[in-house]
Each structure stands twice: as structure tokens, then as C-alpha cells.
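Coordinates in review
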Protein chains: 2
Amino acid sequence: MSLEPPAEVYEFDARAVARAIDHTLLRPEATPDQVERTIAEAGEHGFAAACIPPVYAARAAELLRGTEIRVCTVVGFPFGYVQPSVRLAEARRAVADGAQELDTVLNVSWLKGGEVKRLLDDLGGWVSALRGERRGLTLKVILETALLTEQEKIDAARLAVEAGADFIKTSTGVAAGAVAPNVADVKLLVWAAGGHAEVAASGRIADAAGARALLAAGATRLGTASGVAIVRELEDRG
Amino acid sequence: MSLEPPAEVYEFDARAVARAIDHTLLRPEATPDQVERTIAEAGEHGFAAACIPPVYAARAAELLRGTEIRVCTVVGFPFGYVQPSVRLAEARRAVADGAQELDTVLNVSWLKGGEVKRLLDDLGGWVSALRGERRGLTLKVILETALLTEQEKIDAARLAVEAGADFIKTSTGVAAGAVAPNVADVKLLVWAAGGHAEVAASGRIADAAGARALLAAGATRLGTASGVAIVRELEDRG
């Protein structure tokens, strides 16, 4: 038996990890200057996206214009129980402001109440309306796995796939309980998505080893505030 | 020196306390049945309002029709950093659904960034648009005191008063750090509001003594999930 991690973990060098990161600052008390720094860091390190509050989407679009770094913001965040019409209005405003990726949160209350039709109308309507209005949007549905049973995680993932999401994302980073994404959840969601959506692991990702393990498990995005430290750790190793 | 609490605490009997309570269930994982029970309890105990997620406002309006219990829901909750146009759209939808009270959250990021004009345009525009469209709405602005310095609490209270809020509310109950409302904050906000807005204390209120102390300090509403236990405690004492 080997004490080494699985070989596939080493596939992910600093650049590959950076390209997977949703560089995220969504705390309500983050100052405008801190948000600007997060946006700038996403550009400097070649992250996938800068994920910032809705009121800063236009500024992010301005700062990242001409780069490949995408502007990501949140909709119905973090509790997911807004009315469907409000979820759509908020998304439209974000797109008008320049957002290219939208992270929204599944209505966990409806999921627990077995309100499948409402969930599908809500998320499916949201995805199809946005697809019809703007090409190239990346639409992510956050399941808030910390609040779900294993069966609910599977049901939620399938609902998000049926709704047409590009990504299933694990967590807002806000819910009570564990907010660190874990390999078991990523594997479960990859399996449940069956190749019809990608999986993003989000929350507190402690270090480069943690980031690589999530990628090796099948996540293709990492939503974290620790992207700079993680990538520096990998760069320092050469 | 007396070991008794101040005499004014005794002014608040079970009925007076009940009439001040925003009976609140805003956890994203609360099931539809749990939300219905919260709404029913508000009616049974004569609370001021049932405060529930936006998707349940219409149901609350149906269940509480013909009573004096008010339907309260949240807007831009709990992070407060939605675009002003989204804050207004969400409020309009809630009012159309039957909400009579709206609790929204001040943009703490802008407050910390000194964006006074943006804050006033956002909240002031929101209040005045809603006042022009519907009579009898109660509009509350949550400051999220756990994230603020003392000076920021004063500034935020004055901004909310200038914006025309009916109530300044202490907390979403969600923010990191202490979520229990305290007497010192209530006194500070009552002073800062200068009689131009009422003060609502919200978060974890442990028991009847805690509730009475907040009312004695000048709060006229208590936002809590513990209203039933608090009122029963007072009724049991006779």
C-alpha cells in the first residue's frame, strides 16, 4: 500500500488550479476596496472568474474587460427562497451590468417539502429565459449541501441538471454546519450529474492539497477566497 | 441597593410582549410545514407579525386574513448588497403577494466604504417609491450591528432615519459574530434615531427576562424565533 496520494492529483499544477478558481469575496462587510482587490487578483493570477456581490458586477466588468477572466455574481443569494420572478429580474440586472456567470441558490425549503414542480419551474424557467436572452452565460446552481441529506443531494443535483444548469455548486459558504467542500460530495454530485453538468466545489478550501483533491474527484471549478494562497503554494514548489 | 430589576420591566406582561413580536422563521432549510406552523402560531399568540421567506408571503396573507397579525417578509436579505432596482422589484413583488411589512438590509459594504450618497439613494429611493404605491406598509431597515463599529451603528441608524424607515432593526440573525440583540445597542439606536424611527431588536432572545429588558431599553419590536416560549414563560407566571 502506497503512502503517496493518487497520481492524478499531480496533474494539477499551479496554472491548472488557477484556471479552475472562482475567486470569491461575498462577505457583506467586505469594503469596496477589498472587492476591487479581489477583482484585480483574479486578473493577476489567471483565475477562471472573480465572484463578487451584485453591486460590484459593473466595476468587475470594467476592470476585467479584454481579459479571459469572467465576471461572476450571485442571484437569490445565499438563501435561495426569493420568488422566481425576482430571481430572474436580479439575473437580468446582473447580465446588463456585465456579469458572464451567475451563481444562484436552489430553494432548499421547497426541496425539503418535495415541491419538485415549483423547483423545476423556478430554476428551469430561470435558465431557459437567460439562455434565450444572452449567449455564453455560465449558469451555476448552488445546492447548499451542508443542509441536505445524501438523497436530497442527489435529488437536488438531478433537478439542477434537468433545469439546464451548466454547473452544480456545492455551497454558499454561509450555511450553518460544515462549509468546507469535501471529496465525497464532489464524487456524489459528479455521479448524480451524469456528465450533463459540471461540478464546482465551494467553501473553505484549506490548501493546495485540498484543492487538488477536489479537482481529482471531478470538480472543474473551485469557489474559494483562498485562491491566491493556494496558487502561491503550488508555484513555490516549482 | 435592590436586587430587583428596574420597575419598568414589569410593564411588559405576556400580552404586551406578544404584541411586540415579529415571529420569525427565515432559515433556508425550514420546510413549508414549519413555515405554516410559524404563521399559525403568530395568529394564536397575537404576535405583531409573522416574518417568513418571500415565497411564503402569499400563503401568510391567506392564513392571516381578517386578523391584526401582519405579514412580514424580507428583501435583499440577508446580505443587503443587491442592486437598488432589484431591492425595489423584490419589494413590489412581496407587496403584491400581500406583505404588509418589509425588512430589508442596509448595504454594509457601502457603509464601510463611506458611500453615503449611494446608501441614501438606495434606501431612500426604496422607501419613497413604496410609500407612493401602497399605504400602510411598515418598512424596516436592518443594520446588521454585529458587523459594525459603534460609530457605524450611529451613522447607519441616521441614514435609515433619513431614508424614511419606520423601524431600525438590529440584526438579520445570520451574520458572523454575536447575533443576540443587546440592551446597549438598543439604547444607542433609540438615541441615534431621535424619535424619528422605532427600534426593533432581533436575533437570539433567550427568555422572557431578555425580551423585557430589550423592551425596557426602548425597542418596540422583537424579531425572534423564540416568541412562543417567551410568551408561555410569562403566562405561566400569571
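Read on for a plain summary of the structure. None of these values were measured; they are calculated from a predicted model.

Quick look at the state of the cysteines
Applying the stated rule across the entire model yields zero disulfides over all chains. Of all cysteine sulfurs in the structure, the one in A:Cys72 sits closest to A:Cys51, which takes part in no disulfide; the separation is 3.1 Å.

So, the pattern of salt bridges
Two side chains of opposite charge can pair, provided their charged atoms sit close to one another. Residue and element names in this part refer to chain A. Per the counting criterion, the structure on display carries 38 salt bridges over all chains. The partner of Glu29 in a salt bridge is Arg27, and the shortest N-O contact between them spans 3.3 Å. You can call Arg27 partly exposed: its relative accessible area is 42%. One network of salt bridges, with partners in common, ties together Asp22, Arg70, Glu101, Asp103, Lys140, Lys169 and Arg221.

Things to note about the pairing of strand β8 (residues 221-224) of chain A
All names here are of chain A. With burial as the criterion, each face of β8 is covered, one bearing Arg221 and Gly223 and the other bearing Leu222 and Thr224. Here strand β1 (residues 21-24) pairs with β8 via three bridges, running parallel. Counterpart to Ile21 in the pairing with β8 is Leu222.

With respect to the pairing of strand β7 (residues 198-202) of chain A
All names here are of chain A. For β7, the tally of buried residues reaches four of five residues, placing the bulk of the element in the interior. Relative to β7, strand β6 (residues 167-169) runs parallel, the two being bridged by three bridges. Across the sheet, residue Lys169 finds its bridge partner in β7, namely Ala200. Of the pairings in the sheet, the one linking β7 to β8 comprises three bridges and is parallel in character.

As for the interface of chain A and chain B
The interface is formed by 32 residues belonging to chain A together with 32 residues belonging to chain B. Summed over the shared surface of chain A and chain B, the result is zero salt bridges. Summed over the shared surface of chain A and chain B, the result is 14 residue pairs in polar contact (both at pLDDT 80 or more). Taken together, the elements giving at least two residues each to the side of chain A that touches chain B come down to α4 (84-96) and α5 (108-112) of chain A. The leading source of residues in the side of chain A that touches chain B is α4(A), at five residues. Considering only residue class, the side of chain A that touches chain B consists of 20 nonpolar, six polar and six charged.

Details of the sheet that holds β8(A)
Residue and element names in this part refer to chain A. Overall, parallel pairing links the eight strands, which are arranged β1-β2-β3-β4-β5-β6-β7-β8 in a closed barrel. Sheet twist, expressed as the average angle between the axes of neighbouring strands with direction ignored, equals 25 degrees. Against the sheet, helix α3 (residues 57-64) engages β2 (49-51) and β3 (70-75), with an angle of about 170 degrees to β3. With respect to the sheet, helix α8 (residues 183-193) is in contact with β6 and β7, its orientation differing from that of β7 by roughly 160 degrees.

As for the environment of B:Ala89
Residues and elements named next belong to chain B. Counting through the fold element by element, Ala89 comes out in helix α4 (residues 84-97). On the basis of relative accessibility, which here comes to 29%, the residue Ala89 falls in the partly exposed class. Spatially, the C-alpha atom of Ala89 lies 27 Å from that of Thr67, the residues being 22 residues apart in sequence.

Concerning the side chain of B:Thr104
Residue and element names in this part refer to chain B. Within the fold, Thr104 resides in strand β4 (residues 101-105). A polar side-chain atom of Thr104 sits 2.6 Å from the main-chain carbonyl oxygen of Val75. Within the structure, the side chain of Thr104 is placed 2.7 Å from the side chain of Arg87, a separation counted as a polar contact.

So, the nonpolar core
In terms of nonpolar packing, the biggest core is built from 167 residues, with A:Leu102, A:Leu143, B:Leu102 and B:Leu143 touching the most fellow members. When residues of this core are assigned to their parent elements, the largest contribution, seven residues, is made by helix α7 (residues 150-163) of chain B. What B:Leu102 contacts, discounting residues up to four positions off in sequence, is B:Thr73, B:Val75, B:Ala91, B:Ala94, B:Val95, B:Trp126, B:Leu130, B:Thr138, B:Leu139 and B:Lys140.

A word on the sheet that holds strand β1 (residues 21-24) of chain B
Hydrogen bonds between backbone groups are what pair the strands of a sheet, and the pairing can be parallel or antiparallel. Residues and elements named next belong to chain B. A barrel is described by the order of its strands in space; here eight strands give the closed sequence β1-β2-β3-β4-β5-β6-β7-β8, paired in parallel fashion. Within this sheet the neighbouring strands show an average axis-to-axis angle of 25 degrees, counted without direction. In the sheet, strand β3 (residues 70-75) pairs with β4 via four bridges, with the strands oriented parallel. In the strand pairing of β4, Val75 is matched with Thr104.

Here is what the cut-offs are and how they apply
- Residues numbered from 1 in each chain as written.
- Chains lettered and ligands numbered in written order.
- Predicted model: local features only at pLDDT ≥ 70, side-chain atom pairs only at ≥ 80, totals over all residues.
- Heavy atoms only, no water.
- Disulfide = S-S within 2.5 Å.
- Salt bridge = Lys/Arg side-chain N within 4 Å of Asp/Glu carboxyl O.
- Buried < 20%, exposed > 50% of the residue type's maximum accessible area, 1.4 Å probe, protein only.
- Helix = DSSP H or I, 4+ residues; strand = E, 2+ residues; numbered from the N terminus.
- Pairing = 2+ DSSP bridges.
- Contact = heavy atoms within 4.5 Å.
- Polar contact = N/O pair within 3.5 Å; in protein donor to acceptor, adjacent residues only side chain to side chain.
- Nonpolar A, V, L, I, M, F, W, Y, C, P; charged D, E, K, R; others polar.
- Axes fitted to C-alpha atoms, helices over the stretch in contact; angles between N-to-C directions.
- Core = buried A, V, L, I, M, F, W, Y, C linked by side-chain atoms within 4.5 Å.

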